[in-house]
Amino acid sequence: MKKIYFVLLLTIFLGFVAWNKASGQPGCEICQAPNLCQILTFDVPCAGRVEALLCYRCEYPRIIYLNILEIRYLSIEYTNLTSQCEDYVWDLVRSTAFQVAPELCGYENCAFDSSTVYYTVPLCGELDYGPVVSNPDNLWVRKKAFPGACDQRCLEEWRLCWDSNTGQRKCRLVSQQLFGNGECPGPYPLAKQLKPPFEYKHYGCIKLWLSSNCPPASDCP
């Protein structure tokens, strides 16, 4: 059983470490074939428009890999760079990924079986931020997974199915753990209260969130 689980985790890791382009969308070059790429776009009350790069793969029988490789805040007020807002962004990224997963990989009827979903989000990687040109008091922020020596992620395993009677999805969290052998130096640069005027900053390997652990997750995203 341990050997099978190790192979599974290795599969998740190797799923995106190469730099071959998987689809025509900008930024999707970090997805390795046969993975596919989807740009998720949604609005967060405290962070404005947010984009997440989803690298996904559907496997038989009923296995779905969802790897969030990049999260971009297009324009966020610097006063909203708080732990509460980060939790909100984290939850909405997961929720949006789970909403599109059945559309991308097919619906599994709860009356018969459920899909196994492996979902990852980087805790460490590249971080860039700078002033928004049209509104210098706001920041754009880019958090990007970086394999190898900086690879550290939150890995969640879920069971997901669709209830044909209620028209609602059902899901259950099976496990949640840190994954990756990379080092994650800190502190998180956005933890301190930044104030304008802002300058462009780039970090090649740094903490991407205030927390170094997977946040609690118990409800269906």
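These lines cover the structure that appears in this document, whether it is placed above or below. Because the structure is a prediction, the values reported are computed rather than measured. Each residue is numbered by its place in its chain's sequence as written, counting from 1. Since the coordinates come from a predicted model, pLDDT governs what is reported: local features require at least 70, and pairs of side-chain atoms require 80 or more to be given and counted, while whole-chain, interface and lining totals use all residues. To obtain the side-chain values, all non-hydrogen atoms of the structure were included, while hydrogens and water were left out.

Brief notes about the pairing of strand 6 (residues 152-163)
Turning to step 1, where the next piece is worked out: Within strand 6, ten of the twelve residues are buried, which leaves the element mostly enclosed by the surrounding structure.
Turning to step 2, where the next piece is worked out: Sheet topology note: the strand 4 (residues 115-132)/strand 6 ladder contains nine bridges and is antiparallel. Opposite Thr116, over in strand 6, you have Arg159 as the bridge partner.
Turning to step 3, where the next piece is worked out: Two strands qualify as a pair provided that DSSP identifies no fewer than 2 bridges between them. Segments assigned H or I by DSSP are reported as helices when at least four residues long, segments assigned E as strands when at least two residues long, and all are numbered from the N terminus. In terms of strand pairing, strand 6 meets strand 7 (residues 168-179) through eleven bridges, oriented antiparallel. Bridged to Glu156 within strand 7 is Gln176. Buried, partly exposed and exposed residues are distinguished by accessible area as a fraction of the type maximum, computed with a 1.4 Å probe on protein chains only: under 20%, between the cut-offs, and over 50%, respectively.

A closer look at helix 2 (residues 83-105)
Turning to step 1, where the next piece is worked out: A helix is expected to reach a length of 1.5 Å times the quantity of its residues less one. Its 23 residues give helix 2 an end-to-end C-alpha distance of 33 Å, which sits within 8% of 33 Å, the value for a rise of 1.5 Å per residue.
Turning to step 2, where the next piece is worked out: Of all the bends in helix 2, the greatest, near 25 degrees, is centred on Gln99, and the proline Pro102 appears no more than four residues after it. Here the bend at each residue means the angle between axes fitted to two seven-residue stretches, the one ending at that residue and the one beginning there.

Some details on the pattern of salt bridges
Turning to step 1, where the next piece is worked out: One speaks of a salt bridge when a side-chain nitrogen belonging to Lys or Arg is within 4 Å of a carboxyl oxygen belonging to Asp or Glu. This model, assessed by the stated rule, comprises 14 salt bridges.
Turning to step 2, where the next piece is worked out: As a salt-bridge pair, Arg72 and Glu70 come within 2.5 Å of each other at their nearest N and O atoms.
Turning to step 3, where the next piece is worked out: Owing to a relative accessible area of 16%, Arg72 belongs among the buried residues under this scheme.
Turning to step 4, where the next piece is worked out: For Glu70, a relative accessible area of 6% gives the class buried.
Turning to step 5, where the next piece is worked out: The salt bridge partner of Arg94 is Glu156, with a shortest N-O separation of 2.7 Å.

Quick word on the environment of Gly148
Turning to step 1, where the next piece is worked out: By the element assignment, Gly148 lies in the loop between strand 5 (135-145) and strand 6.
Turning to step 2, where the next piece is worked out: Remark: the alpha-carbon pair of Gly148 and Asn181, spanning 33 residues in sequence, is separated by 7.8 Å.

Thoughts on the packing of aromatic side chains
Turning to step 1, where the next piece is worked out: Geometry of aromatic contacts follows a simple scheme: Phe, Tyr and Trp rings, the Trp one being its six-membered ring, pair when their centres are within 6.5 Å, and the pair is stacked under 30 degrees between planes, edge-to-face over 60, tilted otherwise. Counted by the stated rule, this structure contains seven aromatic pairs.
Turning to step 2, where the next piece is worked out: Ring plane angle 20 degrees and centroid distance 5.6 Å describe the contact between Tyr65 and Tyr118, whose orientation is recorded as stacked. Taken as a pair, Tyr65 in strand 3 (residues 63-77) and Tyr118 in strand 4 lie far apart in primary sequence, 53 residues in all.
Turning to step 3, where the next piece is worked out: With a relative accessible area of 4%, Tyr65 lands in the buried category.
Turning to step 4, where the next piece is worked out: On the numbers, 5.0 Å between centres and 75 degrees between planes, the contact of Tyr107 with Trp162 is edge-to-face.

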